[in-house]
Amino acid sequence: MLGAGVAGLSAAFAARNSGADVILVSAGAGASSLGGGAVDDVPWEERMHAARVLGSPIELHSLPADVAAFSNALGIWDLPDRAPPPFVATIAGRLRPARGRDKGLLDLGALHGKRVLLPRAPRAGWDADAIAATLSDDPLARRTGLRFEAIDTPILRFADEARISDGDLAARHDDPARIAWLGERMREALTSDARVHPDEPASAVLLGSWLGARAARAEELSERIGLPVGEVLVGVGSAAGLRFEAAQKKFLDALRVQRIADRAVSLVRDGDRILLTRARDTAKTAADAAVIAMGGVAGGGIVYDPPEHDAGEDLPARGAIPFALSIDAPVALALGRGPLDVVASMHGPELDQIAWPKDAAPSALEAVGVHAPGGRAAPGIFVAGDVLAARPRTLLEAVASGLRAGRAAAQPA
Ligand SMILES: Cc1cc2nc3c(=O)[nH]c(=O)nc-3n(C[C@H](O)[C@H](O)[C@H](O)COP(=O)(O)OP(=O)(O)OC[C@H]3O[C@@H](n4cnc5c(N)ncnc54)[C@H](O)[C@@H]3O)c2cc1C
């Protein structure tokens, strides 16, 4: 397996469950560690759009049993199997549906007509008043009567906590004593709030991406104060990403997968074996099959490589395909469903035109990948996750394709 994002982990899970020995080579973090904790099967805007067009509530599709089994083994996601679907609140002030969520995020799916409190804190990026006002103004919040209010309560314990990163603050909440302290402060705040709003008690508390770096501490805090407490969904770089990294290590240990922290450089066929070359070790690794799960442009599996990168001081010698797999391998790239072609301009494709989604079409940066119908790119070489061309860039899509690739790779040729 190349890559330790959710596609690489699910491929390893399926291959081990099919009886294969697995070596996993990974260069480090990818998109799975960068996301904010929402777990989607299809892009959530599509779900909202479909519900609007059909005039029906957002549906919750059932999950294949192997996807649910992988999620249970990973242990960090809640993927409910009955309605209502989870809704998460973004730090930019939107409410949006998700198929599931990291267990640290607050699920607002069942909180119609309720008051949600956001404690104020003097941290850059956490303006509780602005976030509460924007969330209250979200069309969905207005339709369901959900209201968000900022409140005063001390949630930072030490002076440096006004400046440290979300990840560092999340790590402090891995300490049970700190969660107990926070629970006390919140109980005090809820008691004062109940005096001001005796007829409308608060129903939940929304916090920043701060509740645990090694594991989600939201549930423990919720039990302490008797109300759901959870995190907001942030754009890039979250405590949920750190929790994925922590879960990844435990997951691979439990599966007894050999892990090599290195960058893959090439995959070649040698008779009926696949040979892998790595950056830091001249010894080649031989295997019966390989799964490329190195992520897309965000994860480092696909690189943007327009002709002008080789131009030197003059024009490049020739036009070229403007993207490349980040390793040498006998596979072809595609953009969407069509093959990827040499660009007419020596400067590469017009990013202004192709790098943004247009209507329902994803941006080229999210559609480019390895051409591998059914997940097989060449004999013995399988592909999964964001590195696959023309598949949605979501966690559950990456898991489903990883499980399929892992099973296929474990079959005798
Ligand atoms: C900012 C952001 C927000 C997102 N938000 C959501 C969301 O809200 N909901 C949702 O469902 N999805 C979201 N996604 C998409 C989701 O995270 C991805 O679809 C999914 O994580 C892809 O998993 P993967 O395993 O295919 O790739 P990755 O997680 O990118 O893993 C790729 C792995 O390959 C390794 N690698 C790369 N090159 C090499 C090499 N040469 N040698 C060895 N290893 C290599 C990397 O180090 C990494 O371990 C988001 C993505 C990003 C970037």
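Residues numbered from 1 in each chain as written. Predicted model: local features only at pLDDT ≥ 70, side-chain atom pairs only at ≥ 80, totals over all residues. Heavy atoms only, no water.

## With respect to the pattern of salt bridges
When charged atoms on two side chains of opposite charge get close, those side chains can pair. Enumeration according to the criterion identifies 26 salt bridges in this entry. Among the salt bridges present, the one from Arg407 reaches Asp66, with a minimum N-O distance of 3.0 Å. Pair noted here: Arg407 is in helix α13 (residues 395-410) and Asp66 is in helix α4 (residues 65-74), with a separation of 341 residues, a long-range link. Arg407 gets classed as partly exposed once you look at its relative accessible area, which sits at 35%. The closest approach of N and O atoms between Arg217 and Asp174, which form a salt bridge, is 2.8 Å. With Arg217 in the loop between β9 (204-207) and α9 (218-225) and Asp174 in the loop between α7 (166-172) and α8 (176-196), this pair connects stretches of sequence that are 43 residues apart. Asp174 matches Arg217 in its accessibility class, with the two residues each being buried. The network of salt bridges with shared partners includes Asp160, Glu161, Arg172 and Arg178. (Salt bridge = Lys/Arg side-chain N within 4 Å of Asp/Glu carboxyl O. Helix = DSSP H or I, 4+ residues; strand = E, 2+ residues; numbered from the N terminus. Buried < 20%, exposed > 50% of the residue type's maximum accessible area, 1.4 Å probe, protein only.)

## Quick word on the domain arrangement of the chain
Where interface size is quoted, it is often the accessible area lost as the parts come together. Assigned domains of the chain: these are domain 1 (6-27 + 262-410) and domain 2 (42-242). For domain 1 versus domain 2, the separation of C-alpha centres amounts to 34 Å. Each partner contributes to the interface: domain 1 provides twelve residues, whereas domain 2 provides twelve residues. Across the domain 1/domain 2 interface, buried area totals approximately 930 Å², and carbon plus sulfur atoms make up 87% of it. If you look at where domain 1 meets domain 2, you find one salt bridge. Broken down by secondary-structure element, the contributors of at least two residues to the side of domain 1 that touches domain 2 are α1 (6-17) and α13. Top contributing element to the side of domain 1 that touches domain 2 by residue count: α13, with six residues. For the side of domain 1 that touches domain 2, the per-class residue count stands at nine nonpolar, two polar and one charged. (Domains from an automatic or database assignment. Contact = heavy atoms within 4.5 Å. Buried area = accessible area lost by both parts, 1.4 Å probe. Nonpolar A, V, L, I, M, F, W, Y, C, P; charged D, E, K, R; others polar.)

## Some details on the sheet that holds strand β22 (residues 381-383)
Spatial ordering of the open sheet is given by β15-β22-β21, a layout of three strands whose pairing is mixed. Edge positions in the open sheet fall to β15 (290-292) and β21 (376-378), since each of these has one partner strand only. Sheet twist, expressed as the mean angle between neighbouring strand axes with direction ignored, is 35 degrees. α13 contacts β15 and β22 of the sheet and is inclined by roughly 170 degrees relative to β22. (Pairing = 2+ DSSP bridges. Axes fitted to C-alpha atoms, helices over the stretch in contact; angles between N-to-C directions.)

## Quick notes on the site of the ligand
Taken together, 37 residues form the shell around the ligand, and within it Gly28, Ala31, Ser32, Asp40 and Asp386 come nearest. A distance of 2.9 Å separates an oxygen atom of the ligand from a polar atom in the side chain of Arg96. The protein chains hide 91% of the 1,000 Å² of surface that the ligand would expose on its own. Elements with a minimum of two residues in the shell around the ligand: α1, β1 (23-26), α2 (31-34), β2 (38-39) and α13. Considering only residue class, the shell around the ligand consists of 17 nonpolar, 14 polar and six charged. (Near = heavy atom within 4 Å. Polar contact = N/O pair within 3.5 Å; in protein donor to acceptor, adjacent residues only side chain to side chain. Areas by Shrake-Rupley, 256 points an atom, 1.4 Å probe, with all protein chains shown as cover.)

## Looking at the packing of α1 against α13
Packed helix pairs are characterised by how far apart their axes lie and by the angle those axes make with each other. Two elements in contact, α1 and α13, have axes separated by 7 Å at closest approach and are oriented at 35 degrees. For α1 against α13, the interelement crossing comes out right-handed. Of the residues in α13, those touching α1 at Val6, Ala7, Ser10, Ala11, Phe13, Ala14 and Ala15 are Leu395, Ala398, Val399, Gly402, Leu403, Gly406, Arg407 and Ala410. Here the contact of α1 with α13 is built from residues that sort into eleven nonpolar, three polar and one charged. (Left-handed = near helix turned anticlockwise from the far one by under 90°.)

## Let's talk about the packing of aromatic side chains
The tally for this structure, following the rule as stated, stands at six aromatic pairs. On the numbers, 5.8 Å between centres and 75 degrees between planes, the contact of Phe13 with Phe70 is edge-to-face. Of this pair, Phe13 sits in helix α1 while Phe70 sits in helix α4; the two residues are 57 residues apart in sequence, bridging distant segments of the chain. Comparing Phe13 with Phe70, the two get one shared label, buried. Relative to Phe323, the ring of Tyr304 has its centre 5.5 Å away and its plane inclined at 55 degrees; by these criteria the two rings are tilted. Linking Tyr304 in strand β16 (residues 302-304) with Phe323 in strand β17 (residues 323-325), this pair joins segments that are 19 residues apart in sequence. Using a relative accessible area of 26% as the deciding quantity, one classes Tyr304 as partly exposed. On the basis of relative accessible area, Phe323 is assigned to the buried category, the value being 4%. One aromatic cluster is present, formed by Phe13, Phe70, Trp77 and Phe251 through successive ring pairs. (Phe/Tyr/Trp six-rings, centres within 6.5 Å; stacked < 30°, edge-to-face > 60°.)

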